[in-house]
Amino acid sequence: MGVIQHNSTGSVLTQSNWEGTTTHLIGGEASTNIVRSATYVVAASDAPSHVRAQADYVCDGTADDVEIQTAIDALPSGGGNILLSEGTFILASPILLGDYTEFRGSGWNTILKVGNSTNISAIRNKDWNVSGHFGITISDLMVDGNKANNTGESTGGISLAKVLDITITNVYIKNVSGYAGIYCFGVAASGAEKVIIIGNIVTGTAKGGGALGVGIYVTAPQVASAIISDNIVYSCVGRGIFIEDYSTDVRITNNEVYSNDIGIALNYTDNTVISGNNLRLNGTAIETGASKQVVILGNTVRGNTSTGITITGDQTVVISNIVSNNAGNGILTGATVTGFVIAGNRCFDDRTPKIQQYGVNLSNNPTNGIVQGNSVQGNLTDGIFPSGGAGV
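In this text the structure is predicted, and so the values were computed from the model without any measurement.

Parameters at a glance
Residues numbered from 1 in each chain as written. Predicted model: local features only at pLDDT ≥ 70, side-chain atom pairs only at ≥ 80, totals over all residues. Heavy atoms only, no water. Helix = DSSP H or I, 4+ residues; strand = E, 2+ residues; numbered from the N terminus. Buried < 20%, exposed > 50% of the residue type's maximum accessible area, 1.4 Å probe, protein only. Contact = heavy atoms within 4.5 Å. Areas by Shrake-Rupley, 256 points an atom, 1.4 Å probe, with all protein chains shown as cover. Phe/Tyr/Trp six-rings, centres within 6.5 Å; stacked < 30°, edge-to-face > 60°. Lys NZ or Arg CZ within 6 Å of the ring centre and 35° of its normal. Pairing = 2+ DSSP bridges. Polar contact = N/O pair within 3.5 Å; in protein donor to acceptor, adjacent residues only side chain to side chain. Salt bridge = Lys/Arg side-chain N within 4 Å of Asp/Glu carboxyl O. Core = buried A, V, L, I, M, F, W, Y, C linked by side-chain atoms within 4.5 Å.

Observations regarding the overall build of the protein
Part 1: Within the protein, the secondary structure is distributed over 2 helices and 39 strands.
Part 2: Residue burial in the protein is summarised as follows: out of 392 residues, 51% are buried.
Part 3: Look at the contacts in the protein between residues 6 or more apart in sequence, and 58% of them connect residues 24 or more apart.
Part 4: Here the protein displays about 15400 Å² of accessible surface, and carbon together with sulfur accounts for 50% of that area.

Okay, structure coming up:
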């Protein structure tokens, strides 16, 4: 264990018996023991020399996933912690995480860069299509998908399948060509549960090999109980945030979503809340697809290049949103809408010239709905069209 000795001429660090792994600082009258919080520390080839000297594994700048994976595989069966130093790690293969692994960097100066022409996801779980994993945390690092030199549809930032109790936080993902910056999905009859995606930045995804180019993508059977909150998702060729394929109990809150093809999109979801998000400069801002039991509450939807909010499906509630200055309609009912509520929203256009056509457009004969208490002054064509739909 390393010891800092204090004397009258200053502090001297002795490393002759440096071994260490502990989790805190212990003070003494004449010395302080330095303890490291990670089970294993992996240093980048361009990390400072003192960091490389103290690391358990040191990368060489070529296929750095080898050293990182060696550290992960050396963890005990009950899991453990991996800490990456600052610096750039070049990946030739995905980093594969197992059960109860905390995988973290030293902030956004820790960069995982996908190698040229590898067409890989930077991070995956080990048994990707087999048994899945529990208790994975990924935090405090950057993923560079290097899309200028990777075009395959399998390329992604973080791709996790059949996982339970995962957290992704404070990760900056950029320049991904493929499915998504963050991609979480179920496989066959097994899904993913307790997914937390909080405080990340995802930008610059592209449609590699015909894939979707989504910012944050939660999909496939039985993805349940997900929180997607306080993220910034922008400039994605596909959707900013996309939830589909019978995912349930998803909360999408307080995200900044802008300059994407569609801001937030649902398709065949159940019991989803979209609340407190700021959506601007997307195509359509929010689109519910064939979903049911969706609550769209307290969002700011402004200046998008198509409709602000399009609802489709059963039992959708649209309440207390600010929907303004969009190029299409403020709120639009799509196909087969029934059992809906549109209430207490402000739908207006305060520009000159105005382009938001209707505040609320009840197209496609929605049924069994309530439309009341909305402020719809100042739109280009009219406030509400028509004044009542069938069953409204």
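Side note on the packing of aromatic side chains
Part 1: A complete count under the given rule lists 6 aromatic pairs for this structure.
Part 2: Pairing Y40 with Y57 gives two aromatic rings, centres 5.9 Å apart and planes at 75°, and the pair type is edge-to-face. Taken together, the residues Y40 in strand β5 (residues 40-43) and Y57 in strand β6 (residues 57-58) connect sequence positions 17 residues apart.
Part 3: Among the residues examined, Y57 registers a relative accessible area of 21% and is labelled partly exposed.
Part 4: On the basis of an interplanar angle of 10° and a centroid distance of 4.9 Å, the ring pair of Y234 and Y258 is categorised as stacked. Remark: Y258 occurs in strand β25 (residues 256-258) and Y234 occurs in strand β22 (residues 232-234); sequence separation between them is 24 residues. Of the two residues examined, Y234 and Y258, each falls in the buried class.
Part 5: Cluster of aromatic residues (ring-pair linked, three or more members): Y183, Y217 and F242.
Part 6: The cationic tip of R239 hangs over the ring face of F242; the distance from NZ or CZ to the ring centre is 4.3 Å.
Part 7: The side chain of R280 reaches across the aromatic face of Y258, ending 4.2 Å from its centre.

Some remarks on the pairing of strand β10 (residues 101-104)
Part 1: As paired strands, strand β7 (residues 80-84) and β10 are joined by 4 bridges and run parallel to one another. Its bridge partner lying in β10, I82 is registered against F103.
Part 2: With 3 bridges connecting them, β10 and strand β14 (residues 137-144) associate as parallel partners. Residue F103 lies in a different strand from β14, and its bridge partner there is I138.

Looking at the environment of N326
Part 1: As for its placement among the helices and strands, N326 is situated in the loop between β33 (322-324) and β34 (331-338).
Part 2: Among the residues examined, N326 registers a relative accessible area of 0% and is labelled buried.
Part 3: Between the C-alpha atom of N326 and that of I355, which follows or precedes it by 29 residues, the distance is 6.9 Å.
Part 4: A distance of 3.4 Å separates a polar side-chain atom of N326 from the backbone nitrogen of G303.

A closer look at the pattern of salt bridges
Opposite charge on two side chains makes pairing possible when the charged atoms of those side chains draw close.
Part 1: The final tally for this structure, using the stated rule, is 5 salt bridges.
Part 2: Taking the shortest distance from any N to any O, the salt bridge between D350 and R302 comes out at 3.5 Å. In this pair, D350 sits in the loop between β36 (346-348) and β37 (358-361) while R302 sits in strand β31 (residues 300-302), placing the two residues 48 residues apart along the sequence.

Concerning the nonpolar core
Part 1: One finds I68, F103, L112, I138, I241 and I309 to be the most contacted residues of the largest nonpolar core, which totals 74 residues.
Part 2: Counting residues per element, this core draws most heavily on strand β16 (residues 163-174), at 5 residues.
Part 3: Discounting residues that sit within four places of it in the chain, I138 has contacts with L97, F103, I123, I158, L160, T167, I168, T169 and V171.
Part 4: Ranked by size, the runner-up nonpolar core spans 9 residues in total, among them Y183, F185, V214 and F242.

Some details on unusual backbone geometry
Part 1: For the bond running from T352 to P353, omega is 0°, close enough to zero to count as cis.
Part 2: One can find P353 in the loop between β36 and β37.
Part 3: The phi angle at N325 is positive, at roughly 60°, despite the residue not being glycine.
Part 4: Tracing the chain through its elements places N325 in the loop between β33 and β34.
Part 5: Look at N365: it is not a glycine, yet its phi comes out positive at around 55°.
Part 6: In this fold, N365 is placed in the loop between β37 and β38 (370-372).
Part 7: On the basis of relative accessible area, N365 is assigned to the exposed category, the value being 59%.

What to know about the side chain of T288
Part 1: Take T288: it is sitting in the loop between β29 (284-287) and β30 (291-297).
Part 2: A polar atom in the side chain of T288 sits 2.7 Å from the backbone nitrogen of T312.
Part 3: Beyond its immediate sequence surroundings of up to four residues, T288 is in contact with L266, N267, V294, I296, T310, I311 and T312.

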